Amino acid sequence: MPIQRPAVPKPENVQLGEGVLIFNFNPDDWDDPEAIPFGATRGGGSYNVERTNLAMRFDGDRGENTKGLKRITEWVITITANALELDLDLMAKIMPGGIEEVSGGTSVPGYRKYRPKINYEESDYLKNLAYVTESYAGGLVAYVIENPLGDGALSAAFEDKNEVVAETTFTAHFDPEKMDEVPTYIVHYETDSGNGGVEG
């Protein structure tokens, strides 16, 4: 194949930065009633996969990079998002906690009170979290992390004449029953798949 200059991108391979985040994303059914929208973001987000590599060193090697003698010992897989919408239901996912419904009194209306948990529970792990964007050609692309837990720092800055945008982080976790399956996958839908139940 001749070398082409310049390298002109194919529209279906160019992904756009804007997208939506969805909890409990079903790649086979965009109208799944269990799917929960994350809400509006500002400043987007990111999908990160970090691997820790361990080289098998030996006397006489030429460094740690010898073909066939490197293994992956750890995975850290996260999705970060800058939440413009931040209600207590989302807060309880970002930083697992409980919500109490309190009846109003004579001087105050009813309210909901959120308090973080002292530790994580099995129910705090979600099914998955997907960052869904699209290619320039119109095909949807979903970056999915499985068994995510809101275990990162919650950062919300308060600034005059501006809105609060909270930085959030969710980390994928291995399923104890599937320790050889990395808890993330990426789906590229065909261009003619339409928008289905995913709306931008």
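See the structure above.
Residues numbered from 1 in each chain as written. Predicted model: local features only at pLDDT ≥ 70, side-chain atom pairs only at ≥ 80, totals over all residues. Heavy atoms only, no water.

Draft legend 1. Layout of the sheet that holds strand β8 (residues 140-146). Reading across from one edge, β2-β1-β7-β8-β11 is the order of the five strands in this open sheet, with antiparallel pairing throughout. The two strands at the open ends of the sheet, each matched to only one other strand, are β2 (36-37) and β11 (184-188). Relative to strand β7 (residues 128-134), strand β1 (residues 20-23) runs antiparallel, the two being bridged by four bridges. Paired with Val20 across the two strands is Val132, which belongs to β7. (Pairing = 2+ DSSP bridges. Helix = DSSP H or I, 4+ residues; strand = E, 2+ residues; numbered from the N terminus.)

Draft legend 2. Inspection of the side chain of Thr78 at higher detail. As for its placement among the helices and strands, Thr78 is situated in strand β4 (residues 70-83). Not counting chain neighbours up to four residues away, the residues in contact with Thr78 comprise Ser46, Tyr47, Asn48, Ile145, Thr169, Phe170 and Thr171. (Contact = heavy atoms within 4.5 Å.)

Draft legend 3. Up close: the packing of aromatic side chains. For the coordinates displayed, the defined rule picks out four aromatic pairs. Both rings, one in Phe23 and one in Phe170, keep their centres 5.6 Å apart while their planes meet at 70°; by these two values the pair is edge-to-face. On the criterion of sequence distance, the pair formed by Phe23 in strand β1 and Phe170 in strand β10 (residues 166-171) is long-range, its members being 147 residues apart. Both rings, one in Tyr47 and one in Tyr143, keep their centres 5.0 Å apart while their planes meet at 55°; by these two values the pair is tilted. With Tyr47 in strand β3 (residues 41-55) and Tyr143 in strand β8, the pair connects residues that are 96 residues apart, well separated along the chain. (Phe/Tyr/Trp six-rings, centres within 6.5 Å; stacked < 30°, edge-to-face > 60°.)

Draft legend 4. How the structure looks around the pattern of salt bridges. The final tally for this structure, using the stated rule, is eight salt bridges. Glu100 serves as the salt-bridge partner of Lys113, at 3.7 Å between the closest nitrogen and oxygen. Remark: Glu100 occurs in strand β5 (residues 97-102) and Lys113 occurs in strand β6 (residues 111-116); sequence separation between them is 13 residues. Using a relative accessible area of 34% as the deciding quantity, one classes Lys113 as partly exposed. Classification of Glu100 by relative accessible area gives partly exposed; the value is 42%. Each of the salt bridges in this network shares a partner with another, and the network as a whole consists of Asp89, Glu101 and Arg112. (Salt bridge = Lys/Arg side-chain N within 4 Å of Asp/Glu carboxyl O. Buried < 20%, exposed > 50% of the residue type's maximum accessible area, 1.4 Å probe, protein only.)

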